[in-house]
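Working through the structure, step by step
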Amino acid sequence: MNNRSGLPSTLTAIILFLVLAALSILLVVENGVVQRYRILGAVRNMQAWCWTRTSNIAHYFNYRTENERLSAENRQLHERLSRYEAAARQLDSLSVRIEPDFSYIGANVVKNTVDQQHNHLVLDRGREDGVEPGMGVVAPQGVVGIVGAVSSHYAYVFSILGAGQSVSAKLSRSGAFGPMTWPGIEPDRMLLSEIPVHIQDAPGDTVLTSGYSTIYPPDIPLGLVIEAKVSKGSSQELSVQLFEEFRTLHHVYIVKNNHKAEIEALYEQVP
Amino acid sequence: MSRFRNILFFVLVFLLQLIITDYLHLGPWVMVSLLPFLILLIPLQRREHIVLLSAFGLGLLLDLLSGGVLGLNAFAAVMTAGPRKFLYRILVNRDRQDKTEIPLLRDIGWVKYFKYLLSLTAIFLAAYILLDCVSVRPVGFILAKFVASTLVSTALGLLMALSFQNRS
């Protein structure tokens, strides 16, 4: 009797096993960050509250380093501002008005992972602060990632340190550009690929954002080329040491492209 | 252990796993997971489909709360829960089904407990790491991560078993 009832039960278990495994793989493929925010809105807010408090405690003990970093960033921004003001005065005298291409929203990192294959961050700015999915996130020394989902007061960011993420980057001397991806091991190293083999002076060159996407502004310094090797015989793969220290990331800026809607509308017109 | 203490211990281990996921960062080479240990803690007498659904639910809950890729822990947990009873039979008790609900360190001994926990942990991490890294990371990295993670996670599971289960 037991054997008779055991067979259907085993069969049910095998079918259930296969169904659950298939369902899990489907979820992995979908990677539903947005759905997760909808499902767990209240829990996520409570978790973010905890992450904010623990992040504050951690940063309290690093305040001296953080101050030095912010002070250096301030100095760089003042220098850039004075150059732009001089240029703006010249443009004013020619009666030319220029709207800024990008605007920025300051945010603090309340959660950050760097040792997984798909890393992410949580920022303390959300929908009510004007943050929307698809916006870029930058730091003083490089780019950080792309906003994947938002709640009222928090944003979930896909880190550039993740399988499948890439940044369009270029070499400062030659202007050669290609996708920069994370090989998945050290959080301060990335690979810039598809660089033509005739460019021989890449090692030691600075890597910048190319500006060929609507996500990140152009010319943000990302890192330094430390090694070059020929890949598949037709192009070079460059190892890049990032300027930004992802492990101690605290202040970041969410980037809004003021012309994004116009650019996307243009794409839609193309048959 | 009484049923209430079992449930409390189970919840505590799950909370510890959440804390580990959020705050313990040992680098890209090591991933620490107590989910295989939690699957080991599901009573042996439970029916297979209940065990599978419980493992799937646990994995999914961890995925939802940890903010990682949804489905990764759920997949690895289902892969571990599937052959759990079979592994128990061949590694711990070849002759008969054990009368104890949950395999305890003091009941089945160090060697058998270690082999059982190591097997569950290895299956879990093989499934997790393969799904996470395959085709995007080098084989050497995947193997090194698997070995390091299995050793650390098994050691932590044993430590948990030693600290709590042996007191009752």
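A quick note: this is a predicted structure, and the numbers were derived from the prediction, not measured.

The helix and strand inventory of chain B stands at eight helices and zero strands. Beginning at the N terminus, the succession of helices and strands in chain B can be written as α-α-α-α-α-α-α-α. Expected size for 168 residues packed as a compact globule is a radius of gyration near 15 Å; at 15 Å, chain B falls within 12% of this value. Across the 168 residues that make up chain B, the buried fraction comes to 38%.

Helices and strands together make up the secondary structure of chain A, namely five helices and 12 strands. Here chain A holds 271 residues, and the buried ones make up 32% of them. Residue pairs in contact within chain A that sit at least 24 positions apart in sequence constitute 59% of those at least 6 positions apart.

Before going further, it helps to examine the sheet that holds strand β6 (residues 166–171) of chain A. Sheets are built from strands paired through backbone hydrogen bonds, the pairs being either parallel or antiparallel. Ordered in space as β6-β7-β8-β11-β10-β9 (chain A), the six strands form a closed barrel in which the pairing is antiparallel. Neighbouring strand axes in the sheet, compared pairwise and without regard to direction, differ in orientation by 40 degrees on average.

So, on to the packing of helix α5 (residues 84–91) of chain B against helix α7 (residues 110–133) of chain B. All names here are of chain B. α7 packs onto α5 with a crossing angle of 150 degrees between their chain directions and a minimal axis gap of 10 Å. If you check the angle between α5 and α7, you find them roughly antiparallel. Both α5 and α7 take part in a crossing whose hand is right-handed. The segment α5 lies against α7, with Arg84, Leu87, Tyr88 and Leu91 engaging Lys112, Lys115, Tyr116, Ser119 and Leu120.

What follows concerns the nonpolar core. Membership of the largest hydrophobic core comes to 51 residues, with the highest contact counts inside it found for Leu123, Val144 and Val157 of chain A. The contacts of Leu123 of chain A, once residues within four sequence positions are left out, are Ala107, Asn108, Val109, Val110, Tyr154, Ala155, Val157, Val252 and Ile254 of chain A. Formed by 41 residues, the second largest nonpolar core is a distinct cluster that contains Leu27 of chain A together with Leu34, Leu58 and Ala77 of chain B.

Moving on, we get to the packing of helix α3 (residues 48–66) of chain B against helix α4 (residues 72–81) of chain B. All names here are of chain B. Interaxial distance between α3 and α4 falls to 7 Å at its minimum, and their mutual angle equals 155 degrees. If you check the angle between α3 and α4, you find them roughly antiparallel. The handedness of the crossing between α3 and α4 is right-handed. Packed against α3, whose contacting residues are Val51, Leu52, Ala55, Phe56, Leu58, Gly59, Leu60, Leu62 and Asp63, the element α4 presents Leu72, Asn73, Ala74, Ala76, Ala77, Val78, Thr80 and Ala81 at the interface. Grouping the amino acids of the contact of α3 with α4 by side-chain chemistry returns 13 nonpolar, three polar and one charged.

This paragraph deals with the pairing of strand β10 (residues 221–231) of chain A. Successive residues of a regular strand alternate their side chains across the two faces of the sheet. Residue and element names in this part refer to chain A. Inspection of the sheet shows strand β9 (residues 206–209) paired to β10 by three bridges, in the antiparallel sense. Pairing of Val207 across the sheet is with Gly223, part of β10. Here β10 pairs with strand β11 (residues 235–242) via eight bridges, running antiparallel. The residue of β11 that forms the bridge with Ala228 is Leu238. Between β10 and β11, which pair antiparallel and follow one another directly, the connecting turn spans three residues, one of which, Lys232, has a positive phi of 55 degrees.

Right, let's talk about the interface of chain A and chain B for a bit. The interface of chain A with chain B comprises 26 residues on the first partner and 27 residues on the second. When contributions to the side of chain A that touches chain B are tallied by element, the ones reaching two or more residues are α1 (2–30), α2 (33–39) and β2 (118–123) of chain A. Tallying contributions element by element places α1 of chain A first for the side of chain A that touches chain B, with 11 residues.

This brings us to the sheet that holds strand β3 (residues 136–139) of chain A. Residue and element names in this part refer to chain A. Spatial ordering of the closed barrel is given by β1-β2-β5-β4-β3-β12, a layout of six strands whose pairing is antiparallel. Adjacent strand axes in the sheet meet at a mean angle of 45 degrees, parallel and antiparallel pairs treated alike. In this structure, strand β1 (residues 102–112) lies alongside strand β12 (residues 251–257), joined through seven bridges in antiparallel fashion. Across the sheet, the residue bridging to Asn108 is His251, located in β12.

On to helix α8 (residues 139–164) of chain B, then. All names here are of chain B. The first and last C-alpha atoms of α8 sit 37 Å apart over 26 residues, in line with the 38 Å expected at 1.5 Å per residue. For α8, every residue scored as buried is listed here: Lys145, Ser149, Thr150, Ser153, Thr154, Gly157, Met160 and Ala161. In the core, the buried residues of α8 are packed alongside α1 (3–23), α2 (35–41), α6 (105–108) and α7.

What follows is about the environment of Trp110 of chain B. Along the chain, Trp110 of chain B turns up in helix α7. C-alpha separation for the pair Trp110 of chain B and Thr154 of chain B, spaced 44 residues apart in sequence, amounts to 13 Å.

All names here are of chain A. Unusually for a residue other than glycine, Glu194 sits at a positive phi of about 65 degrees. Inspection of the secondary structure puts Glu194 in strand β8 (residues 189–196). Of note, the phi angle at Asp219 is positive, near 65 degrees, even though the residue is not glycine. Along the polypeptide, Asp219 turns up in the loop between β9 and β10.

What follows is about the confidence of the model for chain B. Residue and element names in this part refer to chain B. Summing up the model confidence of chain B, the mean pLDDT is 87 and the portion of residues at 70 or higher is 93%. Mean pLDDT across the elements of chain B bottoms out in α6 (81) and peaks in α4 (95). What the predictor reports for the complex is a pTM of 0.74 with an ipTM of 0.84.

The rules behind each value
- Residues numbered from 1 in each chain as written.
- Chains lettered and ligands numbered in written order.
- Predicted model: local features only at pLDDT ≥ 70, side-chain atom pairs only at ≥ 80, totals over all residues.
- Helix = DSSP H or I, 4+ residues; strand = E, 2+ residues; numbered from the N terminus.
- Rg over C-alpha atoms; globule rule 2.2 N^0.38 Å.
- Buried ≥ 20, exposed ≤ 12 C-beta atoms within 10 Å, placed from the backbone.
- Contact = placed C-beta atoms within 7 Å.
- Pairing = 2+ DSSP bridges.
- Axes fitted to C-alpha atoms, helices over the stretch in contact; angles between N-to-C directions.
- Parallel < 35°, antiparallel > 145°, perpendicular 65-115°, else oblique.
- Left-handed = near helix turned anticlockwise from the far one by under 90°.
- Core = buried A, V, L, I, M, F, W, Y, C linked by C-beta atoms within 7 Å.
- Nonpolar A, V, L, I, M, F, W, Y, C, P; charged D, E, K, R; others polar.
- Expected span 1.5 Å × (residues − 1).
- pLDDT = per-residue confidence, 0-100.

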